[in-house]
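Given next are the chains, with one letter for each unit.
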Amino acid sequence: MSSSSSDQQQQQQQELQDVVVHTNNYHTTNNNNNKTSKATKTTKTTRKNTKKSSPSPPRLNNNKNNNHLNECGHDIQQQQQQQQYSEMYVDDIEDDIDDDGDDKDGIGFVYNDEEIHATLLNFGPQRQSLGIENLDDFFTQVYKYYVSKGFWTWFTQKFLKLCTILFMISLTTLLTIFVDWSAIWNCRDQECASVQVIRTGVLQKKVTFNWFHRSSIIFHVGVLFYWLYLCYGWMRMVSSMYRIKQFFNVHLNVSENEIQTLEWEEIVQKMINLQNEQGTRIHVMKELNAFDIMSRIMRRENFLIAFLNREVLNLRVPLHYLVPFYRKKYGILSQSLLWNLKYIIDYMFDADFKVKERIIQDPDRLRKQFIWLGVLNMIASPFIFFYVLVYTVFKYSVDIRNSPMALLERRWSLLAKWKFREFNELPHLFERRLKRSYGPARSYTEQFPDYFLSTIAKSVMFVASSLVATIVLLSSIKNPLLLYVNIFHQNLFWWLTMLLLVWAHAKSMVIDELRIFEPKERLSDVCSIIHYYPDKWKELGHHLEVKQEFDQFFQFSFEELIQELSSILITPIILCFSLPNSAEQIV
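Note that the structure is a prediction, hence the values are computed from the model and not measured. (Residues numbered from 1 in each chain as written. Predicted model: local features only at pLDDT ≥ 70, side-chain atom pairs only at ≥ 80, totals over all residues. Heavy atoms only, no water.)

Visitor: Provide a residue-level description of the side chain of Gln141, including the pertinent values.
Guide: With respect to the helices and strands, Gln141 occurs in helix α6 (residues 135-147). The exposure class of Gln141 is buried, given its relative accessible area of 18%. At 2.7 Å, the side chain of Gln141 forms a polar contact with the side chain of Ser240. (Helix = DSSP H or I, 4+ residues; strand = E, 2+ residues; numbered from the N terminus. Buried < 20%, exposed > 50% of the residue type's maximum accessible area, 1.4 Å probe, protein only. Polar contact = N/O pair within 3.5 Å; in protein donor to acceptor, adjacent residues only side chain to side chain.)

Visitor: Report on the confidence of the model for the protein chain, specifying residues and quantitative values.
Guide: Mean pLDDT over the protein chain: 76, with 74% of residues reaching 70 or higher. Every residue in residues 1-5 is under pLDDT 50, and counting partners more than four places away or in other chains gives zero contacts. Contacts from residues 19-126, a stretch scored under 50 in pLDDT, to residues over four places away or in other chains number 139 contacts. (pLDDT = per-residue confidence, 0-100. Contact = heavy atoms within 4.5 Å.)

Visitor: Before we move on, could you go through a nonpolar patch on the surface and cite the residues and values that matter?
Guide: Residues Leu166, Ile217, Val221, Leu224, Phe225 and Leu228 make up a contiguous nonpolar surface patch of about 510 Å² in total accessible area. With five residues, helix α9 (residues 211-251) is the single largest residue contributor to the nonpolar patch. When you line up the elements, Leu228 lands in helix α9. (Patch = residues over 30% accessible without salt bridge, like charges linked within 9 Å, V, L, I, M, F, W, Y side chains within 5 Å. Areas by Shrake-Rupley, 256 points an atom, 1.4 Å probe, with all protein chains shown as cover. Salt bridge = Lys/Arg side-chain N within 4 Å of Asp/Glu carboxyl O.)

Visitor: Lay out helix α23 (residues 544-553) with the relevant residues and their values.
Guide: Every buried residue belonging to α23 is among Val546, Lys547, Glu549, Phe550, Asp551 and Phe553, and all of these are buried. Buried residues in α23 make contact with β1 (410-412), α16 (414-420), α18 (438-445), α22 (519-530) and β4 (554-556).

Visitor: With reference to specific residues and values, describe the environment of Leu453.
Guide: Relative to the helices and strands, Leu453 resides in helix α19 (residues 451-477). As for Leu453 and Ala506, which are separated by 53 residues in sequence, their C-alpha atoms are 8.9 Å apart.

Visitor: Could you give me a rundown of empty space enclosed by the protein, with the residues and numbers involved?
Guide: Under the counting rule described, the total for this entry stands at three cavities of 30 Å³ or more. As for the largest cavity, its lining consists of Lys328, Tyr330, Gly331, Ile332, Leu333, Ser413, Leu415, Gln552, Phe553, Gln555 and Gln563. Per-class residue counts for the lining of the largest cavity are five nonpolar, five polar and one charged. (1 Å grid on protein atoms, 1.4 Å probe; cavity = no way out; pocket = protein on both sides within 12 Å on 5 of 7 lines; lining within 4 Å. Points joined across faces, edges and corners; volume = space filled by probe spheres on them. Nonpolar A, V, L, I, M, F, W, Y, C, P; charged D, E, K, R; others polar.)

Visitor: Go over unusual backbone geometry with me, naming the residues and quoting the values.
Guide: With a phi angle near 65°, Lys149 is a residue other than glycine that sits in the positive phi range. When you line up the elements, Lys149 lands in the loop between α6 and α7 (151-178). Here the phi dihedral of His531 falls at roughly 60°; this positive angle occurs in a residue that is not glycine. Structurally, His531 is set in the loop between α22 and α23.

Visitor: Please give an account of the packing of aromatic side chains that cites residues and values.
Guide: In this description, a pair of aromatic rings is defined by centroid distance and the angle of the planes. Tallied over the entire structure, the rule returns 33 aromatic pairs. With centroids separated by 5.8 Å and ring planes inclined at 70°, the aromatic side chains of Trp152 and Phe155 adopt a geometry described as edge-to-face. Placement of both Trp152 and Phe155 in helix α7 is noted, with a separation of three residues, approximately one turn of the helix. On the basis of relative accessibility, which here comes to 24%, the residue Phe155 falls in the partly exposed class. Ring centres of Tyr532 and Trp537 lie 5.6 Å apart, and the angle between their planes is 85°; on these two criteria the pair is classed as edge-to-face. Per residue, the accessibility class of Tyr532 equals that of Trp537, and both read buried. (Phe/Tyr/Trp six-rings, centres within 6.5 Å; stacked < 30°, edge-to-face > 60°.)

Visitor: Tell me what's going on with the packing of helix α15 (residues 364-402) against helix α24 (residues 557-578), and back it up with residues and numbers.
Guide: At their nearest, the axes of α15 and α24 sit 7 Å apart, and the two run at 175° to each other. In terms of axis orientation, α15 runs roughly antiparallel to α24. Residues of the contact of α15 with α24, tallied by class, amount to 17 nonpolar, five polar and no charged. (Axes fitted to C-alpha atoms, helices over the stretch in contact; angles between N-to-C directions. Parallel < 35°, antiparallel > 145°, perpendicular 65-115°, else oblique.)

Visitor: Explain the environment of Asp136 residue by residue, including any values.
Guide: Relative to the helices and strands, Asp136 resides in helix α6. With relative accessibility at 12%, the residue Asp136 sits in the buried group. Taking the C-alpha atoms as reference, Asp136 lies 8.2 Å from Ile293; in sequence the two are 157 residues apart. Not counting the four nearest positions on each side in its chain, Asp136 is found in contact with Arg296, Arg299 and Phe353.

Visitor: Let's hear about the nonpolar core: which residues, and what values?
Guide: Considering soluble globular proteins, one finds that nonpolar side chains tend to be buried as a cluster. Membership of the largest hydrophobic core comes to 97 residues, with the highest contact counts inside it found for Phe248, Trp264, Met271, Leu333 and Trp412. Sorting elements by how many residues they give to this core places α9 first, with ten residues. One finds Val468, Leu492, Leu496 and Leu499 within the second-largest nonpolar core, a separate group that totals six residues. (Core = buried A, V, L, I, M, F, W, Y, C linked by side-chain atoms within 4.5 Å.)

Visitor: Hey, could you go over the side chain of Ser148 for me, with residue numbers and the actual values?
Guide: Its location among the elements puts Ser148 in the loop between α6 and α7. The buried category is assigned to Ser148, whose relative accessible area is 12%. If sequence neighbours within four positions are ignored, Ser148 has contacts with Thr153, Trp154 and Gln157.

Visitor: Pulling in residues and values, what's your account of the packing of helix α13 (residues 335-348) against α24?
Guide: At a minimum axis separation of 8 Å, α13 and α24 run at an interaxial angle of 40°. Classified by the angle their axes make, α13 and α24 are oblique. Of the residues in α24, those in contact with Gln335, Ser336, Leu337 and Asn340 of α13 are Glu564, Ser567, Ile568, Thr571, Ile574 and Leu575. Grouping the amino acids of the contact of α13 with α24 by side-chain chemistry returns four nonpolar, five polar and one charged.

Visitor: Pulling in residues and values, what's your account of the pattern of salt bridges?
Guide: On inspection of all chains with the given rule, the structure shows 15 salt bridges. The residue Lys547 makes a salt bridge to Asp551 at a minimum N-O spacing of 2.9 Å. Of this pair, Lys547 and Asp551 both sit in helix α23, four residues apart, which is roughly one turn of that helix. Judged by relative accessible area, which is 13%, Lys547 ranks as buried.

Visitor: Explain the environment of Ser443 to me, using residue names and the numbers behind them.
Guide: Along the polypeptide, Ser443 turns up in helix α18. Under the relative-accessibility criterion, Ser443 is labelled buried at 17%. Separated by 74 residues in the primary sequence, Ser443 and Phe517 place their C-alpha atoms 9.4 Å from one another. Non-local contacts of Ser443, meaning those with residues more than four positions away in its chain, are made with Arg515 and Arg522.

This is the structure we're talking about:
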């Protein structure tokens, strides 16, 4: 009797092992099927006791070689490949069962072999996955949803952006094709009232079109196609972002109103709890942590941060020493150049973020890609320059008119923002840290008084102020004087604007008599916030060389505007002549 009972029990155990083997063979090929139940539980217990979150990687050292680019993006993939379906379900079932089938944690359930057998055949009840295939895209969309503060805010923002572009296309079309600029330019004073500004008969082709009009038509047709492409991408994103909205509302239990005030850390914790504790999983991965989420969102940006920190990319303009504006140690980084660099990163890496084998074997492919991008930028640069120039005028003209001092405010350059950024530091957290640095940074730049210029600036301020007061007095007596009284072929309104700009610039050069000058202390305060403190800066904050290098990162607003506009024409040169020399170092 005992022999038959023992045989029956052995048969049940053999059936259970067959099911486990069948499940492991179906989902993974690397699982060892010869382990005993006790050894499996011992390994599982050891793994659970040794779980810990991975620390953020340290900032790269500029002096190290660039031989480990692949490691930045592969650790998460390797970890994901090791966590297969069978491990997930078997561990969940056997978690609280000892060798005798008893309830180890005392939760009130006793599992036997038949129950385990049925559970394995059902592949784990109440552990459904959301069916997300690409976690990188998913977490990136989740982050965009959070930063936009909800679906409707994102929807409105993108829709109004498309409307703004369409408005610019319509307005520039009106200004370049329908407006008769020759008539406006040649009219004098009262004659301008009778000038026909809009050219009639354009649509009926009753007027002549010169080369400028034809170029404008070609440009606006191209921009219109680009606008239609943006509309197509926006419509595709609407359905994707709406699914993210459903994910927030249903699975994370976060409404549109709640997301306005929630911190990102709370959203991350909700996703971790959903993956690790509740019934529905985000993905078939066994675990999820904050580092995994951030590294997936920042995967591409981490490579760009690494390139700039190690100074792998040559961003200097050829013959830059001939142009003082581009005579900068680290080169320039504009928005147009940044777009091209992001494209290069996408070109270099495959879907698993490994450098493509053909690029490793032949770095000339990457060099040719730089040159090809430079040629494309050179062809499109005149049209892009015109569009950006018009956009800049439309956006900043009122601000400059109301506050000329805005041009003299200092801002961190785009290059500085990427050099100061930490690995896996999300944009909204980085911007928050950078905003705290503006006060100390402005204080440091004011620690180097020029007494000679200050003396001259005081006199210039007095002269400019006197002339402004005179013009204002005349205009208050009779308003038309401001527009119709000309001095050196310019009316008084134009002179009033120029004098205000001169006064504002002179004011910035005057030394504040109550200020205490402590440049070393102020530089230390800034560096403690921006997390960038080269050895050559330490204890040398009062030297002009350090201050000049600091000014390359913390530049005037008008410098930034000039650099963005000119870089549209300079970017093709950098892509064709400077960056190809960095191809071997990148690979």
